[in-house]
Amino acid sequence: MQDGEARPFLPGRIKDSFFDGSVMLVKLISIPGYKLQVNDFSKRVEHDLYIPYPIYRFALSDINNDGKTDILLGVLKTTHFDPE
């Protein structure tokens, strides 16, 4: 964990025929939001994605049965359907 980061959600492992690596979601302290960190073990590459919304759910699953593990994030944010 680096400076400005809080305790992460439990990390997940993805190992299927398309990807071998880990996924971790970390709540940031210095700015609002989260960092989604994906580590590709085979290519030795790390990808970070900033998510500026509160997150209530984080899961890994093959949601559409295509053989690839999907990263699922439930975020809290308003949409154009919400009353003003």
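Our structure's up above, just so we're on the same page.
Residues numbered from 1 in each chain as written. Predicted model: local features only at pLDDT ≥ 70, side-chain atom pairs only at ≥ 80, totals over all residues. Heavy atoms only, no water.

Engineer: Help me out: how do you make sense of the overall build of the protein chain in this one?
Structural biologist: Helices and strands together make up the secondary structure of the protein chain, namely zero helices and seven strands. Secondary structure elements of the protein chain occur, N-terminal to C-terminal, as β-β-β-β-β-β-β. By residue count, 27% of the 84 residues in the protein chain fall in the buried class. Put simply, of all contacts in the protein chain between residues at least 6 apart along the chain, 23% involve residues at least 24 apart. On the protein chain, roughly 6,300 Å² of surface is accessible, and the fraction owed to carbon and sulfur atoms is 55%. The positive charge centre, built from 10 side chains, and the negative charge centre, built from 12, are 5 Å apart in the protein chain. (Helix = DSSP H or I, 4+ residues; strand = E, 2+ residues; numbered from the N terminus. Buried < 20%, exposed > 50% of the residue type's maximum accessible area, 1.4 Å probe, protein only. Contact = heavy atoms within 4.5 Å. Areas by Shrake-Rupley, 256 points an atom, 1.4 Å probe, with all protein chains shown as cover. Lys, Arg positive; Asp, Glu negative; His and termini not counted. Charge placed at Lys NZ, Arg CZ, Asp CG, Glu CD.)

Engineer: Hey, could you run me through the packing of aromatic side chains in this one?
Structural biologist: A ring pair, where both rings are aromatic, is described by two values, the distance of the centres and the angle of the planes. Here the structure, examined in full by the defined rule, presents zero aromatic pairs. A cation over an aromatic ring shows up here: Lys68 above the ring of Phe18, its NZ or CZ 4.9 Å from the ring centre. (Phe/Tyr/Trp six-rings, centres within 6.5 Å; stacked < 30°, edge-to-face > 60°. Lys NZ or Arg CZ within 6 Å of the ring centre and 35° of its normal.)

Engineer: Hey, could you run me through the nonpolar core in this one?
Structural biologist: When a protein is soluble and globular, its nonpolar side chains tend to lie buried together. In terms of nonpolar packing, the biggest core is built from nine residues, these being Ile14, Val23, Leu25, Tyr34, Leu36, Val38, Ile51, Ile55 and Phe58. Elements with a contribution of two residues or more to this core: strand 3 (20-28), strand 4 (34-40) and strand 6 (55-61). With three residues, the single largest contributor to this core is strand 4. When near neighbours in sequence (up to four residues on either side) are disregarded, Ile55 contacts Phe9, Leu25, Tyr34, Leu73, Gly74 and Val75. (Core = buried A, V, L, I, M, F, W, Y, C linked by side-chain atoms within 4.5 Å.)

Engineer: For this particular structure, what's the right way to read the pattern of salt bridges?
Structural biologist: Two side chains bearing opposite charge may form a pair once their charged atoms approach each other closely. Enumeration according to the criterion identifies two salt bridges in this entry. Arg13 is the salt-bridge partner of Asp20, the closest N and O atoms lying 2.4 Å from each other. Residue classification places Asp20 among the partly exposed positions, given a relative accessible area of 22%. Linking Asp20 and Lys15 is a salt bridge whose minimum nitrogen-to-oxygen distance equals 3.6 Å. Lys15 gets classed as exposed once you look at its relative accessible area, which sits at 62%. (Salt bridge = Lys/Arg side-chain N within 4 Å of Asp/Glu carboxyl O.)

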